[in-house]
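Residue strings, one per chain:
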Amino acid sequence: MKVLLFLLSLLLSLSNISAKERMSLLLKNNKGCFIGRENDLCLGVKNNSETWSYQFKSDTIQNLTSSDIYRITQKYLALLGMDLGEDAINRHHNLYIENFKNCIKSYYNLTHGIISISYHMENPWWFFEGKKGAPYRHKSPKHPNVVKEILHDSIKLPNNITVKDWYDEQIEKVINIISDLKDKNGNAIPLILRLFHEGSHNAFWWGYDYCTKEEYKELFIYTTQLIKSKCPNNILIAYSPDCNWKTLNPNDRYMDRYPGDSYVDILGLDNYHIKSPKEVEQCISQLQQLSKYAKKHNKIVALTETGCYGLNISNWFTKYLYKVINAPQVNVSYVMFWSSWSSKNNGYCIPYKKNSPEAMDFLKFTQKKNIILINNGKTNSSLIPQHYYKIFFLST
């Protein structure tokens with residue numbers, strides 16, 4: 001009876017705060033780890049090795065059961081990742097943005113789960129320099145520091161628009177999209193926004209050798225504050241360097257570009273290098289440091305991108321990743337697996353063959369007591385209580 005009364009009191013208190021604050025409270029106070037995946041409801045690989053994609057039109061349970069995670073676990077993911085930019089899913093849907101919005105709305109209406117949005121933004125010079133390769137990876141030989149060009153508003157593109165004006169137009173589109181993300185009752189959907197990820201290395205035009213640390217921080221703050229000033233108060237900001245750092249020393253590659261506590265809610269880590277005992281220990285050390293910092297500074301810690309592409313380690317989930325999540329002094333609120341787009345060329349990091357060894361390992365991983373997925377339910381009302389109960393009353 002005391003537990004039920006406490007649960008009722010807690011849910012009533014949650015109803016009196018904003019959706020953003022509720023999401024933050026859930027992430028900070030759960031005793032487990034939310035499991036999510038990029039594009040999980042829109043794109044994946046079938047049991048027969050064929051790539052599938054899905055077009056959203058209405059809120060039906062079929063929108064949730066088409067996912068690769070559901071096929072293996074018979075549960076819904078607790079965290080949905082989506083990307084605004086030139087990502088793999090764009091090659092499968094002409095009406096990408098509408099599908100992007102409909103997917104988020106449908107997932108939230110059916111589950112009230114958590115949504116994280118990233119943005120692989122195009123380099124503006126890509127459009128005028130041959131359009132070769134991924135636009136967000138393009139490095140212009142004549143204009144290597146796009147960040148500086150955005151901040152100083154003087155360099156013009158060949159179409160006579162300044163790089164700054166082009167950039168502001170892109171951000172205005174982002175603002176319009178986010179402002180349209182409302183649930184079936186017209187309320188703004190709470191979101192995690194993750195921009196300029198993996199800035200500690202050189203994969204993208206905002207990378208480590210393509211702008212100074214001060215320029216990176218200035219662009220991060222300018223962009224996130226602009227978006228938050230024009231959108232509903234429903235956004236948590238994530239900062240997520242790659243794994244090429246050892247300490248939180250101000251001169252190491254995590255903190256030297258950190259925008260500051262006033263501008264970041266989630267301390268993220270992108271790490272695809274958890275495939276050996278040495279790499280496991282390194283990742284544990286990083287997450288322990290982030291967890292200690294987060295506790296002191298009231299932040300959330302997350303493994304914002306990870307995976308073992310091609311799953312050439314059949315027990316990777318239980319013997320490598322779970323060791324990281326379950327290590328002492330590690331408090332990771334969520335793990336985001338990246339998207340799958342093909343059964344070939346290691347284009348997947350979630351199992352697609354239901355009875356394969358790696359699928360059995362993934363299922364075993366998701367059945368750990370501190371791993372959070374949303375239990376199968378037939379209606380929205382049946383999903384939400386299970387979801388909240390598991391977050392706050394998970395046995396230890």
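Residues numbered from 1 in each chain as written. Predicted model: local features only at pLDDT ≥ 70, side-chain atom pairs only at ≥ 80, totals over all residues. Heavy atoms only, no water.

### A few points about the overall build of the chain
Next, step 1: When its secondary structure is counted, the chain shows twelve helices and eleven strands.
Next, step 2: Across the 396 residues that make up the chain, the buried fraction comes to 59%.
Next, step 3: Of the roughly 16800 Å² of accessible surface on the chain, a fraction of 50% belongs to carbon and sulfur atoms. (Helix = DSSP H or I, 4+ residues; strand = E, 2+ residues; numbered from the N terminus. Buried < 20%, exposed > 50% of the residue type's maximum accessible area, 1.4 Å probe, protein only. Areas by Shrake-Rupley, 256 points an atom, 1.4 Å probe, with all protein chains shown as cover.)

### Quick notes on the side chain of Ser-140
Next, step 1: Its place among the elements puts Ser-140 in the loop between β5 (114–118) and α6 (146–152).
Next, step 2: Within the local environment of Ser-140, its side chain forms a polar contact with the side chain of Glu-129, the two groups lying 2.8 Å apart. (Polar contact = N/O pair within 3.5 Å; in protein donor to acceptor, adjacent residues only side chain to side chain.)

### Here we look at the packing of helix α10 (residues 316–325) against helix α11 (residues 357–366)
Next, step 1: The interhelical angle for the contact between α10 and α11, taken along N-to-C directions, is 30°, at an axis separation of 8 Å. One way to sum up the angle between α10 and α11 is to call them roughly parallel. Across the interface between the two elements, Trp-316, Phe-317, Thr-318, Leu-321, Tyr-322 and Ile-325 of α10 pack against Glu-358, Asp-361, Phe-362, Lys-364 and Phe-365 of α11.
Next, step 2: For the contact of α10 with α11, the class distribution of residues is seven nonpolar, one polar and three charged. (Axes fitted to C-alpha atoms, helices over the stretch in contact; angles between N-to-C directions. Parallel < 35°, antiparallel > 145°, perpendicular 65-115°, else oblique. Contact = heavy atoms within 4.5 Å. Nonpolar A, V, L, I, M, F, W, Y, C, P; charged D, E, K, R; others polar.)

### Section: helix α7 (residues 163–179)
Next, step 1: When the terminal C-alpha atoms of α7 are compared, their 24 Å separation across 17 residues agrees well with the 24 Å that a helix rising 1.5 Å per residue should span.
Next, step 2: Taken residue by residue, α7 has Val-163, Lys-164, Trp-166, Tyr-167, Gln-170, Ile-171, Val-174, Ile-175, Ile-177 and Ile-178 as its buried positions.
Next, step 3: Tucked into the core, α7 has its buried residues touching α5 (96–111), α6, β6 (191–194), α8 (213–230) and β7 (235–239). (Expected span 1.5 Å × (residues − 1).)

### Quick look at the nonpolar core
Next, step 1: One finds Ile-227, Leu-321, Phe-337 and Phe-365 to be the most contacted residues of the largest nonpolar core, which totals 124 residues.
Next, step 2: Per-element accounting of this core gives the leading share, eight residues, to α7.
Next, step 3: Contact partners of Phe-365, with chain neighbours within four places excluded, come to Ile-35, Phe-317, Thr-318, Leu-321, Tyr-322, Ile-325, Phe-337 and Ile-371. (Core = buried A, V, L, I, M, F, W, Y, C linked by side-chain atoms within 4.5 Å.)

### Examining the environment of Tyr-254
Next, step 1: Along the chain, Tyr-254 turns up in the loop between β7 and β8 (266–271).
Next, step 2: Along the sequence, Tyr-254 and Asp-242 sit twelve residues apart, while their C-alpha atoms lie 8.1 Å from each other.
Next, step 3: Beyond its immediate sequence surroundings of up to four residues, Tyr-254 is in contact with Tyr-239, Pro-241, Trp-245, Leu-248, Leu-267, Gly-268 and Leu-290.
Next, step 4: Within the local environment of Tyr-254, its side chain forms a polar contact with the backbone oxygen of Gly-268, the two atoms lying 2.9 Å apart.

### Here we look at the pattern of salt bridges
Next, step 1: Taken as a whole and assessed by the stated rule, the structure comprises twelve salt bridges.
Next, step 2: A salt bridge links Glu-172 to Lys-230; the shortest N-O distance between them is 3.3 Å. Here Lys-230 lies in helix α8 and Glu-172 lies in helix α7, a separation of 58 residues in the sequence.
Next, step 3: What makes Lys-230 partly exposed here is its relative accessible area of 45%.
Next, step 4: Through salt bridges with shared partners, a single ionic network connects Arg-37, Asp-40, Asp-68 and Arg-71. (Salt bridge = Lys/Arg side-chain N within 4 Å of Asp/Glu carboxyl O.)

### Considerations on α8
Next, step 1: Here α8 contains 18 residues, and its C-alpha end-to-end distance of 26 Å stays within 8% of the 26 Å for a straight helix at 1.5 Å per residue.
Next, step 2: Buried within α8 we find Glu-215, Tyr-216, Lys-217, Leu-219, Phe-220, Thr-223, Thr-224, Leu-226 and Ile-227.
Next, step 3: Of the surrounding secondary structure, the elements contacted by the buried residues of α8 are α6, α7, β6 and β7.

### With respect to the environment of Trp-245
Next, step 1: Relative to the helices and strands, Trp-245 is located in the loop between β7 and β8.
Next, step 2: Through-space distance from the C-alpha of Trp-245 to that of Met-255 is 9.3 Å; in sequence the pair is ten residues apart.
Next, step 3: Look past the residues within four positions of Trp-245 in its chain and what remains in contact with it is Asp-252, Arg-253, Tyr-254, Leu-269, Gln-282, Gln-286, Gln-289 and Leu-290.

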